[in-house]
Amino acid sequence: MKENSLYDKKSLRTVVGKTADFSELAKDCVAFSNAQGGIIDIGIENDDTLPPASQHVPEDLPTTIVNKISGLTHAVIATTEKETAENGGEYIKLTIQRNPSAIAVTSSGKIYVRIGDNSVPVGSEDVARLAADKGCISWEDTVTSFSWKDADSEKLKMFLDLIKASDRVSPFVKQKDTKELLDYYYMTDAESDLMTQLGVLFIGKQTQRGRIMNAPVIQCIKYDQYGEKVNKWLWDDFSKNPYEMIDEIWKNIPEWKESTEIGDGMFRRNIPAYPESVVRELVGNSLVHRPYTIRGDIFLNIHPDYIEIVNPGLLPIGVTVDNILHTTKKRNEHMAAVFYALHLMEREGSGYDMMYEKLLANGKSVPIVEEGDDWVKVRVERRVISQEVIKVMQYADQSQELKQKQLICLGLIALHESVTATQLIDLLHLKDADALRPWLRPLVDKGFVISTNDRSKAKEYRVGARILRDSNYKGTTSLKRIESYRLRELIMEDLRIYQPCSITDIHERIGKEIPIRKLQFQIKQLLAEEKIVSEGKKRWTKYRIKT
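On a predicted model such as this, the values are computed, not experimentally measured, just so you know.

K.L.:
It is not clear to me how the overall build of the protein chain should be interpreted in this structure. Could you clarify?
P.N.:
Looking only at helices and strands, one finds 20 helices and 23 strands in the protein chain. Seen through its C-alpha atoms, the protein chain measures out along the principal axes to roughly 90 × 70 × 45 Å. Counting all 547 residues of the protein chain, 48% fall into the buried class. Excluding contacts between residues fewer than 6 apart, the proportion of contacts in the protein chain whose partners are at least 24 apart in sequence is 63%. Taken as a whole, the protein chain presents about 27,200 Å² of accessible surface, with 48% of it coming from carbon and sulfur. Mean positive and mean negative side-chain charge positions of the protein chain (77 and 80 charges, respectively) differ by 5 Å.

In structure tokens form, the structure reads like this:
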């Protein structure tokens with residue numbers, strides 16, 4: 001098993017003999033405790049999956065490890081077990097629980113958190129952020145002085161009706177009485193009739209909602225092509241709960257009704273400027289995942305060519321712009337559960353997958369996430385990049401052979417016409433080729449995608465000819481998909497006429513749509529085969545045919 005955010009492995013030498021380093025082990029335990037918890041297998045080397053077959057673990061070592069960790073850390077809960085692997089070798093399984101109510105620290109006062117397969121130090125400026133992310137400071141569970149019996153009767157009825165009509169709520173939950181249901185969704189204090197801040201947010205009166213800490217305010221601003229404000233919508237009077245705010249944002253802003261008309265055979269088809277599910281998911285995410293321990297409005301900016309939603313605060317610790325598609329980190333988990341039950345957003349960890357699929361299905365680029373000093377921004381482009389991609393995605397979806405991640409991968413390949421595995425890993429924000437396999441391999445096996453015959457990093461993937469034909473793909477012929485042997489012939493022909501010349505000149509003449517890295521690779525191959533030679537260095541390098 002590979003090391004990741006939930007798993008690590010260490011040599012037995014970490015806890016035995018002169019090489020023992022319990023301080024390093026304590027650091028990792030603190031990191032796991034401050035994240036999602038995890039397991040450390042002690043007695044397995046980094047490059048191995050099993051301990052040495054002859055390895056024996058002393059009987060008292062598991063207890064010694066727990067005692068050492070207890071002495072070197074605070075707020076870490078760890079247990080150990082001696083295990084025997086299938087090859088007969090012994091090792092220790094160290095299990096660290098996530099501490100949901102306190103920040104774990106080393107005895108020297110240092111704080112770490114697990115991000116990917118690393119234990120990363122937390123600076124003093126991020127301690128409050130970590131506390132909020134861990135739930136040590138829980139905005140949504142904070143009990144107010146308002147009784148649910150004094151809530152807004154219309155909003156309470158609306159919430160109960162929506163829950164009982166939802167196909168995401170089990171019959172067992174729907175059978176609960178009003179107070180039990182409110183307790184179940186953490187809208188009331190289980191020991192009293194008082195509402196939590198989450199409860200006030202959904203079922204409270206306007207005056208009650210205005211008094212809770214940092215109740216959400218949303219500003220929607222429209223800009224013209226010069227960046228000047230031309231219209232503004234504001235939800236700042238606390239009269240609406242989140243369900244009503246999201247509904248009004250979708251229904252009251254005319255820009256969402258705009259579309260682009262494209263040809264579809266004998267008919268015309270309208271592609272929405274921004275799919276409804278994407279807009280609702282963006283706003284839902286902004287409400288659920290923002291830190292309510294800080295002030296700040298949510299901004300939904302509408303520009304002529306794109307929209308962006310800007311949230312106050314930073315991403316949860318452990319989530320970055322590069323792993324947001326694959327990393328799940330709950331910040332307001334009870335609010336997320338309510339939003340999911342009410343169909344306001346997708347299940348935790350699947351919202352971005354849905355947005356990727358919807359946008360690619362409409363021939364558009366995927367969302368762009370950016371993190372600033374105290375804000376997070378998500379940008380969605382309006383423009384339809386490729387009408388033909390829409391046909392491929394529609395055909396693939398109707399075939400019902402592919403899962404969501406494979407549809408996303410297919411859409412990215414169709415959008416870029418031809419990509420390498422390395423490029424796909426970057427586009428999907430994956431760690432390595434192993435992580436790419438479940439996204440790409442089924443597409444190749446089922447014939448949706450074909451690859452070039454190159455046995456190297458230059459191997460490229462493109463949509464299969466059968467899929468292009470059956471989906472009535474009418475894309476233009478492009479040199480971007482040119483086969484390697486044909487590209488080599490073009491390079492040689494160009495050099496016969498214009499040699500000596502630079503790679504920039506060759507690229508300009510034979511086709512700028514050909515990826516430059518593809519051209520570079522083939523020139524490198526021709527040099528290795530001594531079919532061409534180079535003269536000059538770096539940017540002054542020129543090539544000619546070897547005589």
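K.L.:
Help me out: how do you make sense of the pattern of salt bridges in this one?
P.N.:
A pair can form between side chains of opposite charge whenever their charged atoms are brought close. By the definition in use, this model includes 37 salt bridges. Its salt-bridge partner being Asp247, residue Arg280 comes within 3.0 Å of it at the nearest N-O pair. Here Arg280 is found in helix H10 (residues 276-289), whereas its partner Asp247 is found in helix H9 (residues 242-252), with 33 residues between them in sequence. The class of Arg280 is buried, set by a relative accessible area of 18%. Between Glu493 and Arg496 there is a salt bridge, and its shortest N-O distance comes to 3.2 Å. You can see Glu493 and its partner Arg496 sitting in helix H18 (residues 484-498), 3 residues apart, about one turn around the helix. The class of Glu493 is partly exposed, set by a relative accessible area of 40%. The class of Arg496 is exposed, set by a relative accessible area of 51%. Through salt bridges that share partners, Asp8, Lys10, Asp28 and Arg114 make up one connected network.

K.L.:
What should I look at first to understand the sheet that holds strand S21 (residues 460-463) in this one?
P.N.:
In sheet architecture, strand pairing relies on hydrogen bonds along the backbone and comes in two forms, parallel and antiparallel. Strand order across the open sheet formed by 3 strands is S19-S21-S20, with antiparallel pairing between neighbours. Each edge of the open sheet carries a strand with a single partner, namely strand S19 (419-420) and strand S20 (449-451). As defined by bridge partners, S19 adjoins S21 across 2 bridges and the pair is classed as antiparallel. Bridge pairing in S21 links Thr420 to Glu460.

K.L.:
Honestly, the sheet that holds strand S11 (residues 218-223) in this entry has me stumped. Any pointers?
P.N.:
The 6 strands lie next to each other as S12-S11-S15-S16-S18-S17, forming an open sheet whose pairing is mixed. Both outer strands of the open sheet, strand S12 (229-235) and strand S17 (368-371), are each paired with one neighbouring strand and no more. Strand-to-strand twist of the sheet, defined as the mean angle between neighbouring strand axes without regard to direction, takes the value 15 degrees. Where S17 meets strand S18 (residues 375-381), 4 bridges bridge the pair, whose relative direction is antiparallel. Paired with Val369 across the bridge in S18 is Val378. Packing against the sheet, H10 makes contact with S11, strand S15 (298-302), strand S16 (306-312) and S18, and its axis sits at approximately 10 degrees to S16.

K.L.:
What is the right way to look at helix H12 (residues 351-361) in this model?
P.N.:
Of all 11 residues in H12, 9 are buried; the element is thus mostly enclosed. Within the sequence span of H12, burial applies to Gly351, Tyr352, Asp353, Met354, Met355, Tyr356, Glu357, Leu359 and Leu360. Phi turns positive one or two residues past the end of H12, at Gly363, with a value near 70 degrees.

K.L.:
Is there a simple way to think about the packing of aromatic side chains in this case?
P.N.:
Both the distance between ring centres and the angle between the ring planes are used here to describe each pair of aromatic rings. According to the stated counting rule, one finds 7 aromatic pairs in the structure shown. Judged by centre distance (4.4 Å) and plane angle (20 degrees), the ring pair of Trp139 and Tyr292 falls under stacked. Remark: Tyr292 occurs in the loop between H10 and S15 and Trp139 occurs in the loop between helix H3 (127-134) and strand S9 (143-147); sequence separation between them is 153 residues. Tyr292 shares its class with Trp139; the two are buried.

K.L.:
When you look at the pairing of strand S7 (residues 112-115) in this model, what are you seeing that I'm missing?
P.N.:
Where S7 meets strand S8 (residues 118-121), 4 bridges bridge the pair, whose relative direction is antiparallel. Across the sheet, the residue bridging to Tyr112 is Pro121, located in S8. Between S7 and the antiparallel strand that follows it, S8, lie 2 residues; Gly116 among them carries a positive phi value of about 65 degrees.

K.L.:
Explanation requested: the nonpolar core in the structure shown.
P.N.:
Across soluble globular proteins, nonpolar side chains have a tendency to be buried as a group. With 97 residues, the main nonpolar core has Phe159, Tyr185, Trp256, Phe339, Leu410, Ile413 and Leu428 as its most contacted residues. The element contributing the most residues to this core is helix H14 (residues 404-416), with 8 residues. Apart from the residues lying within four places of it in its own chain, the contact partners of Phe159 are Leu182, Tyr185, Met187, Ile203, Val338 and Leu342. If you look at the next biggest cluster of nonpolar residues, it comprises 21 residues, including Val15, Ile42, Ile65 and Ile96.

K.L.:
Can you help me understand the side chain of Gln219 in this one?
P.N.:
As for its position among the elements, Gln219 is in strand S11. With relative accessibility at 11%, the residue Gln219 sits in the buried group. One polar contact links Gln219 to Lys232, side chain to side chain, over a distance of 3.2 Å. When neighbours within four sequence positions are excluded, Gln219 is seen to be in contact with Lys232, Trp233, Leu234, Asp297, Ile298, Phe299 and Leu300.

K.L.:
Help me understand the environment of Arg383 in this model?
P.N.:
Locating Arg383 in the fold gives a position in the loop between S18 and helix H13 (387-399). Relative accessible area serves as the criterion here: at 57%, Arg383 is assigned to the exposed category. For the pair Arg383 and Asp432, spaced 49 residues apart in sequence, the C-alpha separation works out to 31 Å. Here Arg383 is in contact with Asp305, Gly363 and Lys364, once residues within four sequence places are set aside.

K.L.:
For this particular structure, what's the right way to read the pairing of strand S5 (residues 90-96)?
P.N.:
Moving residue by residue along a regular strand, the side chains alternate between the two faces of the sheet. Counting buried residues along S5, 5 of its 7 residues qualify, which places the element largely inside the surrounding structure. As defined by bridge partners, strand S2 (residues 38-42) adjoins S5 across 5 bridges and the pair is classed as antiparallel. Residue pairing in the sheet places Ile40 in a bridge with Leu94 of S5.

K.L.:
What should I look at first to understand the environment of His429 in this one?
P.N.:
Of note, His429 is situated in the loop between helix H15 (421-427) and helix H16 (433-445). Among the residues examined, His429 registers a relative accessible area of 27% and is labelled partly exposed. It is 40 Å that separates the C-alpha atoms of His429 and Met158, two residues lying 271 residues apart in sequence.

Thresholds applied
Residues numbered from 1 in each chain as written. Predicted model: local features only at pLDDT ≥ 70, side-chain atom pairs only at ≥ 80, totals over all residues. Heavy atoms only, no water. Helix = DSSP H or I, 4+ residues; strand = E, 2+ residues; numbered from the N terminus. Buried < 20%, exposed > 50% of the residue type's maximum accessible area, 1.4 Å probe, protein only. Contact = heavy atoms within 4.5 Å. Areas by Shrake-Rupley, 256 points an atom, 1.4 Å probe, with all protein chains shown as cover. Lys, Arg positive; Asp, Glu negative; His and termini not counted. Charge placed at Lys NZ, Arg CZ, Asp CG, Glu CD. Salt bridge = Lys/Arg side-chain N within 4 Å of Asp/Glu carboxyl O. Pairing = 2+ DSSP bridges. Axes fitted to C-alpha atoms, helices over the stretch in contact; angles between N-to-C directions. Phe/Tyr/Trp six-rings, centres within 6.5 Å; stacked < 30°, edge-to-face > 60°. Core = buried A, V, L, I, M, F, W, Y, C linked by side-chain atoms within 4.5 Å. Polar contact = N/O pair within 3.5 Å; in protein donor to acceptor, adjacent residues only side chain to side chain.

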